[in-house]
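Overview (structure and organization)
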Amino acid sequence: MIYDAATKTVVYDSPPPEFLAGVAGAKALYNGFVAAPASIDNLQMCVRLGLPVPPLIAYNYDWPRHLRLHPKPFRAQLLTANFLTLNPRAFVLSDMGTGKTLAALWAADFVMRQHPPGECRCLIVSKISAFDDVWRNTIFTDFLGKRDCVILHGSEKKRLRLLQEQHDFYIINHDGLGVGAVSGRRKGVALDGVAKALSER
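Since this is a predicted model, take the numbers as computed values, not measurements.

Turning to the overall build of the protein, a few remarks are in order. Across its full length, the protein holds eight helices and nine strands. C-alpha atoms of the protein, sized along the principal axes, occupy 65 × 55 × 30 Å. Counting only residues that meet the buried cut, the protein has 37% of its 201 residues in that class. Here the contacts in the protein between residues at least 6 apart in sequence split such that 49% fall between residues at least 24 apart. For the protein, the exposed surface amounts to about 12,200 Å²; the carbon and sulfur share of it is 56%. Placing the 24 positive and 18 negative side-chain charges of the protein at their respective mean positions leaves the two points 4 Å apart.

Here it is in structure tokens:
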């Protein structure tokens, strides 16, 4: 695999047959190699095809963090942010103190930047005790006004009102996800209220 940072192009010498059909803008070259734009969608497809990919976020991100406290991301944070960026569904099982919160926020911010402003947002599901001390404070401190958040907590009416506001990050507790959902014996779960609004978003 070759990655050209100047043109943001990735080149493979022997990708699987699905590459040309499944990767947007992929082209066969004269020497038998194939090339494609190194967009986030394309690299996620390459990961699914089992191909090696460049650390996309390392080449294309300005790491919006509080420079007085942390001048550079830890190696574990760089690996975690890149992993989350390239794998839409993933678990992070790193130890405490390895910078998981910031890595997850950076990955979300990077993905949001790949879309027109305001089109892509992030839902954070967290325990209530981490709302302020972990998530809100980290977003406020390390994005320095570039991103904002809202905590979806309180009555159902209040949560619905806050959900209609335009923010980058929405923070909710686990039980809050199900507010308005009604479980029935025959028809499964019927969504209403906050649960329906989140599902539609």
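That covers the picture; the talk isn't over yet.
Turning our eyes to something else, we now look at the environment of Gln44. For Gln44, the position within the fold is in helix α2 (residues 40–48). Separated by 35 residues in sequence, Gln44 and Thr9 have C-alpha atoms that sit 14 Å apart. Excluding residues that lie within four positions of it along the chain, Gln44 makes contacts with Thr85, Leu86 and Pro88.

Further remarks concern the layout of surface pockets. Taken as a whole, the largest pocket encloses approximately 700 Å³ of empty space. Along its surface, the largest pocket is lined by 23 residues, and Leu84, Ala104, Ala108, Cys122 and Leu123 are the ones closest to its centre. Top element by residues in the lining of the largest pocket is helix α5 (residues 100–113). It accounts for eight residues. Of the residues belonging to the lining of the largest pocket, the class tally is 15 nonpolar, six polar and two charged.

It is worth spelling out the pairing of strand β6 (residues 149–152) at this point. By the alternation rule, side chains of β6 split into Cys149 and Ile151 and Val150 and Leu152, which are all buried. Examined bridge by bridge, β6 and strand β7 (residues 169–172) share four bridges and lie parallel to one another. Bridging across to β7, Leu152 finds its partner in Ile172. Once you follow β6 into helix α7 (residues 156–164) and on to β7, the crossover reads as right-handed.

Right, let's talk about the nonpolar core for a bit. In this structure, Phe19, Ile124, Ile139, Phe169 and Ile171 are the most contacted members of the largest nonpolar core, which totals 37 residues. At seven residues, the largest contribution of residues to this core is made by α5. Excluding anything up to four places from it in sequence, Ile139 contacts Leu105, Ile124, Leu144, Arg147, Asp148, Cys149, Phe169 and Ile171. Within the second largest apolar cluster, nine residues are counted, among which are Leu163, Val194, Ala197 and Leu198.

Rules of the game
- Within each chain, residue numbers correspond to sequence positions counted from 1 in written order.
- Only residues with pLDDT of 70 or above have their local features reported here, since the model is predicted, and side-chain atom pairs are shown and tallied only from 80 upward, although totals for entire chains, interfaces and linings are computed over all residues.
- Note: side-chain values were computed over all heavy atoms of the structure, leaving out hydrogens and water.
- Per the convention used, a helix needs a DSSP run of H or I reaching at least four residues, while a strand needs a run of E reaching at least two, with both numbered from the N terminus.
- The classification of residues rests on relative accessible area computed with a 1.4 Å probe and restricted to protein chains. Under 20% of the type maximum is buried, over 50% is exposed, and intermediate values are partly exposed.
- Here a residue-residue contact requires only that any non-hydrogen atoms of the pair lie within 4.5 Å.
- In short, Shrake-Rupley with a 1.4 Å probe defines the accessible areas, and a residue's cover is counted only from the protein chains shown.
- Under this rule, positive means Lys or Arg and negative means Asp or Glu; His and the chain ends count for nothing.
- Every charge is mapped onto a representative atom, which is NZ of Lys, CZ of Arg, CG of Asp or CD of Glu.
- For cavity detection a 1 Å grid was placed over the protein atoms alone, and a set of points counts as a cavity when a 1.4 Å probe fits there but cannot get out; an open set counts as a pocket when protein lies on both sides within 12 Å along at least five of seven lines, with lining residues being those that have an atom within 4 Å of a point.
- Grid points are joined across faces, edges and corners, and a volume is the space filled by probe spheres set on the points.
- All residues other than Ala, Val, Leu, Ile, Met, Phe, Trp, Tyr, Cys, Pro, Asp, Glu, Lys and Arg, Gly among them, are scored as polar; the first ten of these are nonpolar and the last four charged.
- We treat two strands as partners when DSSP finds at least two bridges between them.
- Viewed with both strands pointing away, a crossover whose connecting path from the first strand over the helix to the second turns clockwise is right-handed.
- What is meant by a nonpolar core is a set of buried Ala, Val, Leu, Ile, Met, Phe, Trp, Tyr and Cys residues, joined one to another through side-chain atoms within 4.5 Å.

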